[in-house]
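Okay, here's what each chain looks like letter by letter:
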Amino acid sequence: MSFRGSAQRRTRNPRLGEPDPTITVHPVMGSGLTLRAPRNDKGGRLNSKDRIMRIIRAADCLVMPWKNGGGTTTEIAVAPDGASLDDFDWRISMAHVGQDGPFSSFPGIDRTLSLLTGAGITLAFGDGERIKLDCGSAPYPFAADRAVDGVLVDGPIDDLNVMSRRGRWRHR
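Residues numbered from 1 in each chain as written. Predicted model: local features only at pLDDT ≥ 70, side-chain atom pairs only at ≥ 80, totals over all residues. Heavy atoms only, no water.

## Regarding the packing of aromatic side chains
Then step 1. By the definition in use, this model includes five aromatic pairs.
Then step 2. For the cation-ring pair, R146 lies above F125, with the distance from its terminal atom to the ring centre recorded as 3.8 Å.
Then step 3. Above the ring of F88, the side-chain terminus of R165 is found at 5.5 Å from the ring centroid. (Phe/Tyr/Trp six-rings, centres within 6.5 Å; stacked < 30°, edge-to-face > 60°. Lys NZ or Arg CZ within 6 Å of the ring centre and 35° of its normal.)

Written out as structure tokens, the structure is:
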């Protein structure tokens, strides 16, 4: 998954008219994630000596209650640094889901959910749509202000959430 934008400085990609560079999330063998910005501040590709990488160790991540109080989430990365659940520009987090229940609502936020462990979860949206995710499913994007309940398929799961503020940032 990746983000369009920069936490420190926003530049415009003249071809696309949107914030650049892209921040790409890479797994690191059992210990965390690496964030890499593959473009320089002029929109060009960075060569290997200019690449920016940040290894995020699981032990350094912040564990906090879900916005709706129904569980906990591990915040892996957020921009700007120190942003709250109400004012982040983009956020990457991991959650352990041990029981069925509603997802927290994040007005103006787009979310993508990927299953990391467990048998699966069904997203039951308020409009009647139902989507079943398992570890083989592609990441599923949806509006985080859309009413949705998570229904576990067979026991607890762990998931990865990538969220960005609609209209300012975009992840894919």
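Still more to cover.
## Regarding the environment of C61
Then step 1. By the secondary structure assignment, C61 is in the loop between strand 6 (52-57) and strand 7 (62-65).
Then step 2. In this structure the C-alpha to C-alpha distance between C61 and T73, which are twelve residues apart in sequence, comes to 9.9 Å.
Then step 3. Contacts of C61, omitting those with residues within four sequence positions, involve I56, T74, E75 and I76. (Helix = DSSP H or I, 4+ residues; strand = E, 2+ residues; numbered from the N terminus. Contact = heavy atoms within 4.5 Å.)

## A closer look at the nonpolar core
Then step 1. Counting 16 residues, the largest nonpolar core has F103, I121, L123, F125, L133, Y140 and F142 as its most contacted members.
Then step 2. Those elements that place two or more of their residues in this core are strand 9 (90-97), strand 11 (109-117), strand 12 (121-125), strand 13 (130-133), strand 14 (140-143) and strand 15 (148-152).
Then step 3. The dominant element in this core, judged by the number of residues it contributes, is strand 12, at three residues.
Then step 4. Those residues in contact with I121 that lie beyond four places of it in its chain are F103, L115, I131, K132, L133, G150, V151, L152, V153 and I157.
Then step 5. I56, A77, A79 and V162 belong to the second largest nonpolar core, which has ten residues in total. (Core = buried A, V, L, I, M, F, W, Y, C linked by side-chain atoms within 4.5 Å. Buried < 20%, exposed > 50% of the residue type's maximum accessible area, 1.4 Å probe, protein only.)

## Some thoughts on the pattern of salt bridges
Then step 1. This model, assessed by the stated rule, comprises seven salt bridges.
Then step 2. Note that D89 is salt-bridged to R168, the shortest N-O span being 3.2 Å. Taken as a pair, D89 in the loop between strand 8 (72-79) and strand 9 and R168 in the loop between strand 16 (157-165) and strand 17 (170-171) lie far apart in primary sequence, 79 residues in all.
Then step 3. For D89, a relative accessible area of 13% corresponds to the buried category.
Then step 4. Overall, the relative accessible area of 40% leaves R168 in the partly exposed class. (Salt bridge = Lys/Arg side-chain N within 4 Å of Asp/Glu carboxyl O.)

## Notes on the sheet that holds strand 8
Then step 1. Read from one edge to the other, the open sheet built from six strands follows the order 7-8-9-16-11-14, with strand pairing classed as antiparallel. Looking along the sheet, the strands with just one partner apiece sit at the ends: strand 7 and strand 14. The sheet shows a mean angle of 30 degrees between the axes of neighbouring strands, taken without regard to direction.
Then step 2. Both strand 7 and strand 8 contribute to a ladder of four bridges, which runs antiparallel. Bridge pairing in strand 8 links L62 to E75. (Pairing = 2+ DSSP bridges. Axes fitted to C-alpha atoms, helices over the stretch in contact; angles between N-to-C directions.)

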